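Coordinate analysis (summary)
Chain by chain, the residues run as shown.
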Amino acid sequence: QVQLAESGGGLVQAGGSLSISCPASGSIFSINAMSWYRQAPGKQRELVASINSENSANYGDSAKGRFTISKDNSKKTVYLRMNSLEPEDTAVYYCNMRVRRSPIHLLVDYWGQGTQVTVTS
């Protein structure tokens, strides 16, 4: 099966920057889209950013102007560069990929286990 492994989370002061990554492994025919979501304690999971096969990116309101999503198709990896971090950005960040395992398979969403990002005041 497809496995996603987020890494790069950690502790950072407000105003700082952090980059996280998510490589995919397993049987993959194509990846329709790659996304980052986050979930803070007591809050619903929300979209941070997504990028499609045409390299077109979409951002959630909280990420616009501060975060940048990118990908490396050869490495099957999605990245998120986070600048001007705020305490409100503290959350577990999850990688999501919409994957087609073969031409006859349906598109299926896969999730990583998440990486913790903590921003201090």
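Overview of the structure. (Residues numbered from 1 in each chain as written. Predicted model: local features only at pLDDT ≥ 70, side-chain atom pairs only at ≥ 80, totals over all residues. Heavy atoms only, no water.)

1. Some remarks on the nonpolar core
Formed by 30 residues in total, the largest nonpolar core has its most connected members in Trp 36, Val 78, Leu 80, Met 82, Tyr 93 and Met 97. The set of elements that each furnish at least two residues to this core consists of strand E3 (18–25), strand E4 (30–39), strand E5 (46–52), strand E7 (67–72), strand E8 (77–82), strand E9 (91–100) and strand E11 (115–120). Not counting the four nearest positions on each side in its chain, Met 82 is found in contact with Gly 16, Ser 17, Leu 18, Ile 20, Arg 66, Phe 67, Tyr 93 and Val 117. (Core = buried A, V, L, I, M, F, W, Y, C linked by side-chain atoms within 4.5 Å. Buried < 20%, exposed > 50% of the residue type's maximum accessible area, 1.4 Å probe, protein only. Helix = DSSP H or I, 4+ residues; strand = E, 2+ residues; numbered from the N terminus. Contact = heavy atoms within 4.5 Å.)

2. Some points on the environment of Gly 114
By secondary structure assignment, the location of Gly 114 is in the loop between strand E10 (107–111) and E11. By relative accessible area, which is 25% here, Gly 114 ends up partly exposed. Taking the C-alpha atoms as reference, Gly 114 lies 20 Å from Asn 32; in sequence the two are 82 residues apart. Those residues in contact with Gly 114 that sit more than four places away from it in its chain are Glu 6, Val 92, Tyr 93 and Tyr 94.

3. A closer look at the packing of aromatic side chains
Going through the model one piece at a time under the given rule, you end up with one aromatic pair. Of note, Arg 45 hangs over the ring of Tyr 94, and the distance from its end group to the ring centre comes to 3.9 Å. The ring centre of Trp 111 lies 4.8 Å from the NZ or CZ of Arg 45, which sits over that ring. (Phe/Tyr/Trp six-rings, centres within 6.5 Å; stacked < 30°, edge-to-face > 60°. Lys NZ or Arg CZ within 6 Å of the ring centre and 35° of its normal.)

4. Some thoughts on the state of the cysteines
Cysteine pairs can be linked by a disulfide, which is a covalent bond between their two sulfur atoms. All chains considered together, the criterion is met by one disulfide. Between the sulfur atoms of Cys 22 and its disulfide partner Cys 95 the distance amounts to 2.2 Å. Where Cys 22 bonds to Cys 95 through sulfur, the torsion about that S-S bond is close to -90 degrees, and the disulfide is left-handed. Residue Cys 22 is located in strand E3, and its partner Cys 95 is located in strand E9; the two are separated by 73 residues in the primary sequence. You can call Cys 22 buried: its relative accessible area is 0%. (Disulfide = S-S within 2.5 Å.)

5. A closer look at the environment of Gly 112
Relative to the helices and strands, Gly 112 is located in the loop between E10 and E11. Separated by 19 residues in sequence, Gly 112 and Tyr 93 place their C-alpha atoms 9.1 Å apart.

6. Overview of the pattern of salt bridges
Within the structure shown, the criterion is met by five salt bridges. Where Asp 89 meets Arg 38, a salt bridge forms, and the shortest distance between an N and an O atom there is 2.9 Å. Pair noted here: Asp 89 is in the loop between E8 and E9 and Arg 38 is in strand E4, with a separation of 51 residues, a long-range link. Residue Asp 89 shares its accessibility class with Arg 38, and that shared class is buried. The salt bridge partner of Asp 61 is Lys 64, with a shortest N-O separation of 3.5 Å. (Salt bridge = Lys/Arg side-chain N within 4 Å of Asp/Glu carboxyl O.)

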